[in-house]
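Observations on the model geometry
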Amino acid sequence: MKTIKDFNFKNKKTLIRVDFNVPLDKELKVGDRSRIIGAKPTIIEVLEEGGSVVLMSHLGRPEGKEDKYSLRHIVADVSDVIGVKVKFAEDCIGKVAEEAVKNLKPGEVLLLENLRFHDEEKKGDEEFAEKLSKLGDIYINDAFGTAHRAHASTTIVAKYFEDKAVGLLLQKEIESLDKVLHSEEKPVTAVIGGAKVSSKITVIENILPKIDHLIIGGGMAFTFIKAKGGKIGESLVEDDKQDLALEILEKAKTQNVQVHLPVDTISTQKFDNDAETKVEDITAISDGWMGLDAGPKSRENFAEVIKKSKIILWNGPLGVFEMETFSKGTIALAEAIAEATEKGAFSLVGGGDSVSAAKQFGFDKKVSYVSTGGGAMLEMLEGKSLPGIEALK
Ligand code: AMP
(Lines give C-alpha, C1' and ligand atoms only; values in the text may rest on other atoms or scores of the structure.)
Protein backbone atom coordinates (compact mmCIF):
# COMPACT_ATOMS: atom_id res chain seq x y z
CA MET A 1 0.00 0.00 0.00
CA LYS A 2 1.39 3.39 -0.98
CA THR A 3 1.39 6.37 1.35
CA ILE A 4 1.28 10.00 0.32
CA LYS A 5 5.05 10.18 0.76
CA ASP A 6 5.33 8.03 -2.38
CA PHE A 7 3.85 10.73 -4.61
CA ASN A 8 4.72 14.13 -5.91
CA PHE A 9 1.53 16.14 -6.03
CA LYS A 10 2.88 19.10 -8.02
CA ASN A 11 0.25 20.17 -10.57
CA LYS A 12 -1.78 17.06 -9.76
CA LYS A 13 -5.46 17.05 -8.93
CA THR A 14 -5.94 14.84 -5.90
CA LEU A 15 -9.29 13.30 -5.11
CA ILE A 16 -9.46 12.70 -1.36
CA ARG A 17 -12.22 10.72 0.37
CA VAL A 18 -12.51 12.37 3.77
CA ASP A 19 -14.89 11.80 6.63
CA PHE A 20 -16.68 15.13 7.09
CA ASN A 21 -19.69 13.46 8.67
CA VAL A 22 -19.75 16.17 11.36
CA PRO A 23 -22.59 16.93 13.74
CA LEU A 24 -24.70 19.96 12.69
CA ASP A 25 -26.93 21.83 15.15
CA LYS A 26 -30.44 23.19 14.48
CA GLU A 27 -29.02 26.28 12.78
CA LEU A 28 -26.89 23.94 10.61
CA LYS A 29 -23.69 25.08 12.29
CA VAL A 30 -20.86 22.58 12.82
CA GLY A 31 -20.88 21.35 16.43
CA ASP A 32 -17.58 19.48 16.58
CA ARG A 33 -14.80 20.14 14.07
CA SER A 34 -12.56 17.22 15.03
CA ARG A 35 -13.20 15.29 11.83
CA ILE A 36 -12.24 18.29 9.70
CA ILE A 37 -9.15 18.84 11.83
CA GLY A 38 -8.33 15.14 11.44
CA ALA A 39 -8.32 15.44 7.64
CA LYS A 40 -6.15 18.57 7.60
CA PRO A 41 -2.61 17.05 7.54
CA THR A 42 -3.20 15.14 4.30
CA ILE A 43 -4.82 18.13 2.59
CA ILE A 44 -2.00 20.45 3.64
CA GLU A 45 0.65 18.00 2.46
CA VAL A 46 -0.86 17.92 -1.06
CA LEU A 47 -1.29 21.70 -1.22
CA GLU A 48 2.23 22.42 0.00
CA GLU A 49 3.64 20.22 -2.73
CA GLY A 50 1.83 22.29 -5.34
CA GLY A 51 -1.21 20.09 -5.93
CA SER A 52 -4.90 20.88 -5.82
CA VAL A 53 -7.43 19.03 -3.68
CA VAL A 54 -10.90 17.70 -4.45
CA LEU A 55 -12.65 16.62 -1.26
CA MET A 56 -15.54 14.16 -1.20
CA SER A 57 -17.52 12.98 1.82
CA HIS A 58 -20.91 11.91 3.03
CA LEU A 59 -22.91 13.72 5.69
CA GLY A 60 -25.64 12.01 7.69
CA ARG A 61 -28.22 9.70 6.19
CA PRO A 62 -30.12 11.80 3.67
CA GLU A 63 -33.08 10.44 1.78
CA GLY A 64 -32.49 11.99 -1.60
CA LYS A 65 -31.22 15.56 -1.73
CA GLU A 66 -32.18 16.95 1.67
CA ASP A 67 -30.78 20.44 2.12
CA LYS A 68 -30.06 19.94 5.81
CA TYR A 69 -27.46 17.37 4.81
CA SER A 70 -25.77 19.60 2.24
CA LEU A 71 -22.01 19.89 2.67
CA ARG A 72 -22.40 23.56 1.70
CA HIS A 73 -23.13 24.15 5.40
CA ILE A 74 -19.60 23.20 6.38
CA VAL A 75 -17.63 25.08 3.69
CA ALA A 76 -16.80 28.00 6.00
CA ASP A 77 -15.54 25.65 8.72
CA VAL A 78 -13.38 23.67 6.31
CA SER A 79 -11.93 26.94 4.93
CA ASP A 80 -11.21 28.12 8.45
CA VAL A 81 -9.54 24.89 9.57
CA ILE A 82 -7.41 24.48 6.43
CA GLY A 83 -6.65 28.16 6.02
CA VAL A 84 -7.61 28.18 2.33
CA LYS A 85 -10.88 29.51 0.89
CA VAL A 86 -12.67 26.32 -0.13
CA LYS A 87 -14.77 26.22 -3.33
CA PHE A 88 -17.96 24.19 -3.49
CA ALA A 89 -19.52 22.08 -6.27
CA GLU A 90 -23.30 21.63 -6.09
CA ASP A 91 -23.00 18.00 -7.16
CA CYS A 92 -20.36 15.31 -6.65
CA ILE A 93 -20.51 13.94 -10.21
CA GLY A 94 -21.38 15.13 -13.70
CA LYS A 95 -20.85 18.41 -15.49
CA VAL A 96 -20.98 20.67 -12.44
CA ALA A 97 -18.30 18.71 -10.62
CA GLU A 98 -16.13 18.12 -13.71
CA GLU A 99 -16.20 21.81 -14.66
CA ALA A 100 -15.26 22.84 -11.12
CA VAL A 101 -12.36 20.38 -11.11
CA LYS A 102 -11.18 21.56 -14.51
CA ASN A 103 -10.95 25.14 -13.25
CA LEU A 104 -9.09 24.16 -10.09
CA LYS A 105 -5.55 25.56 -9.83
CA PRO A 106 -2.62 24.34 -7.73
CA GLY A 107 -3.10 25.34 -4.10
CA GLU A 108 -6.90 25.36 -4.41
CA VAL A 109 -9.44 23.17 -2.64
CA LEU A 110 -12.84 22.07 -3.91
CA LEU A 111 -15.47 20.38 -1.74
CA LEU A 112 -18.04 18.24 -3.56
CA GLU A 113 -21.68 17.97 -2.49
CA ASN A 114 -22.76 15.07 -0.24
CA LEU A 115 -21.99 11.72 -1.90
CA ARG A 116 -25.09 10.18 -0.36
CA PHE A 117 -27.33 12.51 -2.34
CA HIS A 118 -26.89 9.70 -4.85
CA ASP A 119 -28.16 6.24 -3.80
CA GLU A 120 -25.39 4.72 -5.88
CA GLU A 121 -22.79 5.73 -3.29
CA LYS A 122 -23.92 3.27 -0.62
CA LYS A 123 -24.68 0.61 -3.20
CA GLY A 124 -21.07 0.70 -4.34
CA ASP A 125 -22.26 1.34 -7.89
CA GLU A 126 -19.50 0.93 -10.49
CA GLU A 127 -20.76 3.54 -12.94
CA PHE A 128 -21.06 6.13 -10.18
CA ALA A 129 -17.57 5.24 -8.93
CA GLU A 130 -16.19 5.66 -12.43
CA LYS A 131 -17.76 9.12 -12.64
CA LEU A 132 -16.11 10.04 -9.36
CA SER A 133 -12.78 8.80 -10.66
CA LYS A 134 -12.85 11.46 -13.39
CA LEU A 135 -12.36 14.10 -10.70
CA GLY A 136 -8.71 13.49 -9.90
CA ASP A 137 -5.35 12.19 -11.10
CA ILE A 138 -4.52 10.55 -7.77
CA TYR A 139 -6.92 9.00 -5.25
CA ILE A 140 -6.37 9.15 -1.50
CA ASN A 141 -8.57 7.51 1.08
CA ASP A 142 -8.39 9.25 4.45
CA ALA A 143 -11.85 8.35 5.75
CA PHE A 144 -11.27 5.75 8.45
CA GLY A 145 -14.85 6.06 9.75
CA THR A 146 -16.20 4.50 6.54
CA ALA A 147 -13.26 2.25 5.63
CA HIS A 148 -15.30 -0.81 6.68
CA ARG A 149 -17.91 -0.05 4.02
CA ALA A 150 -17.57 -1.09 0.39
CA HIS A 151 -19.16 2.13 -0.86
CA ALA A 152 -18.43 3.70 -4.24
CA SER A 153 -16.19 6.49 -2.91
CA THR A 154 -14.43 4.45 -0.22
CA THR A 155 -13.67 1.26 -2.12
CA ILE A 156 -14.95 0.83 -5.68
CA VAL A 157 -13.51 4.11 -6.99
CA ALA A 158 -9.97 2.94 -6.17
CA LYS A 159 -9.89 0.43 -9.00
CA TYR A 160 -10.10 3.22 -11.58
CA PHE A 161 -6.84 4.71 -10.31
CA GLU A 162 -3.32 3.64 -11.05
CA ASP A 163 -2.09 6.13 -8.44
CA LYS A 164 -3.71 5.69 -5.05
CA ALA A 165 -2.59 6.11 -1.49
CA VAL A 166 -3.60 5.83 2.11
CA GLY A 167 -4.06 9.25 3.78
CA LEU A 168 -2.20 10.32 6.90
CA LEU A 169 -5.18 9.88 9.22
CA LEU A 170 -6.02 6.41 7.97
CA GLN A 171 -2.33 5.50 8.15
CA LYS A 172 -2.20 6.63 11.78
CA GLU A 173 -5.20 4.47 12.65
CA ILE A 174 -3.59 1.41 11.09
CA GLU A 175 -0.23 2.08 12.74
CA SER A 176 -1.77 2.67 16.18
CA LEU A 177 -3.59 -0.62 16.12
CA ASP A 178 -0.50 -2.34 14.82
CA LYS A 179 1.46 -0.92 17.73
CA VAL A 180 -1.04 -2.48 20.12
CA LEU A 181 -1.47 -5.86 18.49
CA HIS A 182 2.10 -6.46 17.35
CA SER A 183 4.01 -4.92 20.17
CA GLU A 184 7.49 -5.90 21.23
CA GLU A 185 6.86 -4.22 24.56
CA LYS A 186 5.03 -5.95 27.39
CA PRO A 187 2.74 -6.21 29.24
CA VAL A 188 -0.08 -5.54 26.83
CA THR A 189 -3.45 -4.95 28.47
CA ALA A 190 -6.86 -4.82 26.82
CA VAL A 191 -9.87 -3.40 28.60
CA ILE A 192 -13.08 -4.64 27.06
CA GLY A 193 -16.29 -3.20 28.48
CA GLY A 194 -19.67 -2.16 27.19
CA ALA A 195 -23.07 -3.71 27.20
CA LYS A 196 -22.92 -7.11 25.57
CA VAL A 197 -20.57 -10.06 25.36
CA SER A 198 -22.09 -11.02 22.03
CA SER A 199 -20.83 -7.86 20.32
CA LYS A 200 -17.28 -8.29 21.65
CA ILE A 201 -16.65 -12.05 21.38
CA THR A 202 -14.83 -11.89 18.06
CA VAL A 203 -12.74 -8.98 19.34
CA ILE A 204 -11.73 -10.90 22.47
CA GLU A 205 -10.93 -14.08 20.56
CA ASN A 206 -8.83 -12.18 18.04
CA ILE A 207 -6.78 -10.24 20.58
CA LEU A 208 -6.20 -13.03 23.14
CA PRO A 209 -2.98 -14.30 21.53
CA LYS A 210 -1.61 -10.76 21.48
CA ILE A 211 -2.20 -9.62 25.05
CA ASP A 212 -1.03 -10.39 28.59
CA HIS A 213 -3.93 -8.98 30.60
CA LEU A 214 -7.63 -8.80 29.84
CA ILE A 215 -9.84 -6.57 31.94
CA ILE A 216 -13.51 -7.33 31.44
CA GLY A 217 -15.97 -4.70 32.65
CA GLY A 218 -19.34 -3.08 32.01
CA GLY A 219 -22.58 -4.95 31.49
CA MET A 220 -20.85 -7.84 29.75
CA ALA A 221 -18.95 -8.80 32.92
CA PHE A 222 -22.15 -10.19 34.48
CA THR A 223 -22.46 -12.99 31.93
CA PHE A 224 -18.98 -14.14 33.04
CA ILE A 225 -19.81 -13.76 36.74
CA LYS A 226 -23.06 -15.72 36.40
CA ALA A 227 -21.37 -18.42 34.32
CA LYS A 228 -18.85 -18.84 37.15
CA GLY A 229 -21.71 -19.34 39.62
CA GLY A 230 -22.17 -15.78 40.91
CA LYS A 231 -25.51 -14.26 41.89
CA ILE A 232 -26.07 -11.17 39.77
CA GLY A 233 -29.63 -10.06 40.67
CA GLU A 234 -31.26 -8.11 37.85
CA SER A 235 -27.98 -7.15 36.17
CA LEU A 236 -27.64 -7.28 32.40
CA VAL A 237 -26.93 -10.83 31.25
CA GLU A 238 -26.93 -12.91 28.08
CA ASP A 239 -27.83 -16.34 29.42
CA ASP A 240 -27.17 -18.07 26.12
CA LYS A 241 -23.61 -16.75 26.14
CA GLN A 242 -22.59 -18.26 29.48
CA ASP A 243 -20.88 -21.28 27.96
CA LEU A 244 -19.03 -19.03 25.59
CA ALA A 245 -17.91 -16.88 28.52
CA LEU A 246 -16.44 -19.96 30.21
CA GLU A 247 -14.78 -20.96 26.96
CA ILE A 248 -13.15 -17.55 26.69
CA LEU A 249 -11.84 -17.86 30.26
CA GLU A 250 -10.46 -21.28 29.44
CA LYS A 251 -8.82 -20.04 26.23
CA ALA A 252 -7.29 -17.14 28.12
CA LYS A 253 -5.78 -19.58 30.59
CA THR A 254 -4.19 -21.74 27.93
CA GLN A 255 -2.81 -18.62 26.24
CA ASN A 256 -1.37 -17.29 29.49
CA VAL A 257 -3.62 -14.24 29.57
CA GLN A 258 -4.57 -13.04 33.02
CA VAL A 259 -8.25 -12.15 33.13
CA HIS A 260 -9.43 -9.49 35.58
CA LEU A 261 -13.13 -9.40 36.31
CA PRO A 262 -14.79 -6.85 38.61
CA VAL A 263 -15.11 -7.98 42.23
CA ASP A 264 -17.66 -5.42 43.37
CA THR A 265 -20.33 -3.25 41.79
CA ILE A 266 -22.47 -0.17 42.30
CA SER A 267 -25.95 -1.63 42.56
CA THR A 268 -29.33 0.01 42.22
CA GLN A 269 -32.95 -1.01 41.88
CA LYS A 270 -33.74 1.57 39.23
CA PHE A 271 -32.00 2.55 35.99
CA ASP A 272 -31.95 6.16 37.15
CA ASN A 273 -29.27 8.69 38.01
CA ASP A 274 -31.01 9.65 41.27
CA ALA A 275 -31.82 6.12 42.42
CA GLU A 276 -30.50 4.76 45.70
CA THR A 277 -27.21 2.85 45.28
CA LYS A 278 -25.03 0.51 47.32
CA VAL A 279 -21.69 -1.23 46.86
CA GLU A 280 -22.08 -4.99 46.59
CA ASP A 281 -19.90 -8.03 46.07
CA ILE A 282 -20.34 -8.79 42.38
CA THR A 283 -21.02 -12.46 43.10
CA ALA A 284 -23.73 -11.70 45.66
CA ILE A 285 -25.99 -8.97 44.27
CA SER A 286 -29.31 -8.61 46.12
CA ASP A 287 -32.51 -9.82 44.49
CA GLY A 288 -34.11 -7.01 42.52
CA TRP A 289 -30.84 -5.03 42.33
CA MET A 290 -28.57 -4.59 39.33
CA GLY A 291 -24.93 -3.60 38.92
CA LEU A 292 -24.43 -0.53 36.78
CA ASP A 293 -20.84 0.42 37.52
CA ALA A 294 -17.53 -0.99 38.74
CA GLY A 295 -17.21 -0.79 42.54
CA PRO A 296 -14.28 0.82 44.41
CA LYS A 297 -12.24 -2.37 44.87
CA SER A 298 -12.59 -3.27 41.17
CA ARG A 299 -11.46 0.22 40.19
CA GLU A 300 -8.40 -0.19 42.38
CA ASN A 301 -7.58 -3.62 40.96
CA PHE A 302 -7.98 -2.44 37.38
CA ALA A 303 -5.85 0.67 38.00
CA GLU A 304 -3.08 -1.51 39.37
CA VAL A 305 -3.01 -3.62 36.22
CA ILE A 306 -3.17 -0.54 34.00
CA LYS A 307 -0.33 1.21 35.80
CA LYS A 308 2.12 -1.58 35.11
CA SER A 309 1.10 -1.95 31.46
CA LYS A 310 3.25 -0.71 28.60
CA ILE A 311 0.57 -1.03 25.93
CA ILE A 312 -3.12 -0.41 26.61
CA LEU A 313 -6.16 -0.92 24.44
CA TRP A 314 -9.49 0.37 25.73
CA ASN A 315 -12.80 -0.53 24.17
CA GLY A 316 -16.11 -0.08 25.98
CA PRO A 317 -17.09 1.71 29.20
CA LEU A 318 -17.01 0.05 32.64
CA GLY A 319 -20.48 1.22 33.58
CA VAL A 320 -23.46 3.27 32.47
CA PHE A 321 -21.21 6.32 32.12
CA GLU A 322 -23.99 8.39 30.54
CA MET A 323 -25.39 8.80 34.09
CA GLU A 324 -23.09 10.57 36.51
CA THR A 325 -23.92 8.20 39.37
CA PHE A 326 -22.61 5.28 37.34
CA SER A 327 -19.68 6.97 35.60
CA LYS A 328 -17.04 6.62 38.32
CA GLY A 329 -15.66 3.27 37.20
CA THR A 330 -15.15 4.54 33.66
CA ILE A 331 -13.57 7.79 34.91
CA ALA A 332 -11.23 5.90 37.27
CA LEU A 333 -10.14 3.69 34.40
CA ALA A 334 -9.55 6.69 32.14
CA GLU A 335 -7.52 8.34 34.91
CA ALA A 336 -5.35 5.24 35.30
CA ILE A 337 -4.80 5.04 31.54
CA ALA A 338 -3.90 8.75 31.43
CA GLU A 339 -1.39 8.24 34.24
CA ALA A 340 0.20 5.22 32.57
CA THR A 341 0.40 7.16 29.30
CA GLU A 342 2.14 10.03 31.01
CA LYS A 343 4.71 7.56 32.29
CA GLY A 344 5.41 6.29 28.77
CA ALA A 345 2.81 3.64 27.99
CA PHE A 346 1.11 3.65 24.59
CA SER A 347 -2.67 3.80 24.89
CA LEU A 348 -5.28 3.44 22.20
CA VAL A 349 -8.95 4.17 22.81
CA GLY A 350 -11.19 2.90 20.09
CA GLY A 351 -14.35 1.30 18.88
CA GLY A 352 -17.71 2.75 19.84
CA ASP A 353 -18.68 4.23 23.16
CA SER A 354 -15.30 4.39 24.89
CA VAL A 355 -14.38 7.20 22.50
CA SER A 356 -17.38 9.29 23.53
CA ALA A 357 -16.68 8.44 27.18
CA ALA A 358 -13.04 9.54 26.85
CA LYS A 359 -14.13 12.76 25.15
CA GLN A 360 -16.94 13.43 27.63
CA PHE A 361 -14.53 13.31 30.54
CA GLY A 362 -11.73 15.18 28.76
CA PHE A 363 -9.36 12.23 28.54
CA ASP A 364 -9.04 12.26 24.76
CA LYS A 365 -5.98 14.51 25.04
CA LYS A 366 -4.37 12.36 27.73
CA VAL A 367 -4.15 9.08 25.86
CA SER A 368 -1.79 8.28 22.99
CA TYR A 369 -4.43 7.86 20.32
CA VAL A 370 -8.20 8.09 20.06
CA SER A 371 -9.57 6.26 17.07
CA THR A 372 -11.87 8.24 14.76
CA GLY A 373 -13.95 5.31 13.57
CA GLY A 374 -16.11 3.29 15.96
CA GLY A 375 -17.33 0.54 13.65
CA ALA A 376 -14.19 0.46 11.54
CA MET A 377 -11.95 0.07 14.60
CA LEU A 378 -14.16 -2.71 15.98
CA GLU A 379 -13.85 -4.61 12.71
CA MET A 380 -10.07 -4.20 12.70
CA LEU A 381 -9.98 -5.45 16.30
CA GLU A 382 -11.99 -8.45 15.13
CA GLY A 383 -9.18 -9.19 12.70
CA LYS A 384 -11.21 -8.36 9.60
CA SER A 385 -9.63 -6.61 6.68
CA LEU A 386 -11.45 -3.42 5.76
CA PRO A 387 -12.59 -3.03 2.12
CA GLY A 388 -11.48 0.61 2.03
CA ILE A 389 -7.95 -0.40 2.98
CA GLU A 390 -7.86 -3.53 0.80
CA ALA A 391 -8.82 -1.42 -2.24
CA LEU A 392 -5.66 0.64 -1.85
CA LYS A 393 -3.37 -2.38 -2.06
P1 AMP B 1 -20.91 -0.93 23.80
O2 AMP B 1 -21.53 -0.10 22.71
O3 AMP B 1 -21.13 -2.39 23.68
O4 AMP B 1 -19.49 -0.55 24.07
O5 AMP B 1 -21.75 -0.59 25.12
C6 AMP B 1 -21.79 0.68 25.66
C7 AMP B 1 -22.98 0.80 26.56
O8 AMP B 1 -22.88 -0.14 27.60
C9 AMP B 1 -23.09 2.16 27.20
O10 AMP B 1 -24.21 2.80 26.68
C11 AMP B 1 -23.25 1.84 28.68
O12 AMP B 1 -24.28 2.58 29.30
C13 AMP B 1 -23.60 0.37 28.68
N14 AMP B 1 -23.23 -0.31 29.93
C15 AMP B 1 -22.04 -0.33 30.52
N16 AMP B 1 -22.08 -1.00 31.69
C17 AMP B 1 -23.35 -1.41 31.85
C18 AMP B 1 -24.04 -2.14 32.88
N19 AMP B 1 -23.40 -2.58 33.95
N20 AMP B 1 -25.34 -2.38 32.70
C21 AMP B 1 -25.99 -1.93 31.59
N22 AMP B 1 -25.39 -1.24 30.60
C23 AMP B 1 -24.09 -0.97 30.72
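The structure presented is a predicted model; accordingly, all values stated were derived computationally and were not measured. (Residues numbered from 1 in each chain as written. Predicted model: local features only at pLDDT ≥ 70, side-chain atom pairs only at ≥ 80, totals over all residues. Heavy atoms only, no water.)

Observations concerning the site of the ligand
Basically, it comes down to this: For this description, a residue counts as near a given molecule or strand if any of its non-hydrogen atoms is within 4 Å of it. Contacts described as polar in this section are N or O atom pairs within 3.5 Å, which, within protein, must combine one atom able to donate a hydrogen with one able to accept it, while residues neighboring in sequence count only if both atoms come from side chains. The Shrake-Rupley method, run with a 1.4 Å probe, gives the accessible areas here. Residue values count only the displayed protein chains as cover. Following the grouping adopted for this structure description, the nonpolar residues are Ala, Val, Leu, Ile, Met, Phe, Trp, Tyr, Cys and Pro, the charged ones are Asp, Glu, Lys and Arg, and the polar ones are all others, Gly among them.
Taken together, 15 residues are adjacent to the ligand, and Ala195, Gly219, Gly291, Glu322 and Asp353 come closest. At a separation of 3.1 Å, a nitrogen atom of the ligand approaches a polar backbone atom of Gly219. At 3.1 Å from a nitrogen atom of the ligand is found a main-chain nitrogen or oxygen belonging to Gly291. Coverage of the ligand by the protein amounts to 82% of the 500 Å² it exposes when considered alone. Class assignment of the residues belonging to the shell around the ligand gives a composition of six nonpolar, six polar and three charged.

Focus on the sheet that holds strand β8 (residues 213–216)
Backbone hydrogen bonds hold the strands of a sheet together, and the pairing may be parallel or antiparallel. Our working rule: Any two strands with at least two DSSP bridges between them are considered paired. Secondary structure elements are defined from DSSP: runs of H or I of at least 4 residues count as helices, runs of E of at least 2 residues count as strands, and each element is numbered from the N terminus. Contacts: residue pairs with any heavy atoms within 4.5 Å of one another. With axes taken as lines fitted to C-alpha atoms, and helix axes fitted only over the stretch in contact, angles between N-to-C directions fall between 0 and 180 degrees.
With respect to topology, six strands assemble into an open sheet ordered β9-β8-β7-β13-β14-β15, the strand pairing being parallel. Taken across any chain shown, the strands that pair with only one partner, and hence form the sheet edges, are β9 (258–260) and β15 (369–370). In the sheet, strand β7 (residues 188–192) pairs with strand β13 (residues 311–315) via five bridges, with the strands oriented parallel. Its bridge partner lying in β13, Thr189 is registered against Ile312. In the packing of helix α11 (residues 328–342) onto the sheet, the strands contacted are β7, β13 and β14 (346–349), and the crossing angle to β13 comes to about 155°.

So, the packing of helix α6 (residues 168–181) against helix α13 (residues 374–381)
Inclusion rule: Any angle that falls under 35 degrees is termed roughly parallel, while one over 145 is termed roughly antiparallel, one within 65 to 115 roughly perpendicular, and all others oblique. If you view the pair so one helix is near and one far, a crossing is left-handed when the near helix is turned anticlockwise from the far one by less than a right angle, and right-handed when it is turned clockwise.
For the pair α6 and α13, interaxial distance at closest approach is 11 Å and the crossing angle is 40°. With respect to their mutual orientation, α6 and α13 come out oblique. Our pair here, α6 against α13, has a crossing hand that is right-handed. On the side of α6, the interface is formed by Glu173, Ile174 and Leu177, while α13 contributes Met377, Met380 and Leu381. Of the residues belonging to the contact of α6 with α13, the class tally is five nonpolar, no polar and one charged.

Examining the domain arrangement of the protein
Put simply, the rule is: Where each domain starts and ends follows an automatic or database-derived domain assignment. We define buried area as the total accessible area lost by two parts upon association, computed with a 1.4 Å probe and summed across both. Within this document, salt bridges are pairs made up of a side-chain nitrogen of Lys or Arg and a carboxyl oxygen of Asp or Glu, the two lying within 4 Å of each other.
Split into domains, the protein comes out as domain 1 (4–166) and domain 2 (174–381). Each of domain 1 and domain 2 has a C-alpha centre, and the two are 36 Å apart. At the interface, seven residues of domain 1 touch ten residues of domain 2. Taking both partners together, domain 1 and domain 2 bury about 580 Å²; carbon and sulfur atoms supply 65% of that area. Our count for the domain 1 to domain 2 interface comes out at zero salt bridges.

Section: the sheet that holds strand β10 (residues 264–268)
Ordered in space as β11-β10-β12, the three strands form an open sheet in which the pairing is antiparallel. Bordering the open sheet on either side are β11 (277–281) and β12 (290–294), each of which pairs with just one other strand. For this sheet, the mean angle separating the axes of adjacent strands, direction not counted, is 45°. Relative to β12, β10 is paired through four bridges, and the arrangement is antiparallel. Following the sheet pairing, Thr268 is matched in β12 by Met290.

What to know about unusual backbone geometry
Heads up, the condition is: Accessibility here uses a 1.4 Å probe with only protein chains present; expressed as a share of the type maximum, an area under 20% marks a residue as buried, one over 50% as exposed, and anything in between as partly exposed.
Cis geometry marks the peptide bond from Lys186 to Pro187, where omega comes out at -5°. Structurally, the position occupied by Pro187 is in the loop between α6 and β7. With a phi angle near 65°, Leu28 is a residue other than glycine that sits in the positive phi range. Tracing the backbone through its elements, the reader meets Leu28 in the loop between β1 (13–17) and α1 (34–48). A relative accessible area of 26% places Leu28 in the partly exposed class.

A word on the packing of helix α10 (residues 296–307) against α11
A packed helix pair is summarised by two numbers, namely the angle formed by the two axes and the spacing between the axes. Contact geometry of α10 with α11 gives a least axis separation of 9 Å together with a crossing angle of 20°. Looking at the two axes, α10 sits roughly parallel to α11. With respect to the hand of their crossing, α10 and α11 are arranged in right-handed fashion. Here α10 contributes Arg299, Ala303, Ile306 and Lys307 to the contact with α11, which in turn contributes Lys328, Gly329, Ala332, Leu333, Ala336, Ile337, Glu339 and Ala340.

Details of the side chain of Thr325
In this fold, Thr325 is placed in the loop between β13 and α11. Polar side-chain contacts of Thr325 include one of 2.5 Å to the backbone oxygen of Asn273. Those residues within four positions of Thr325 in sequence are excluded, and the remaining contacts are Asn273, Thr277 and Asp293.

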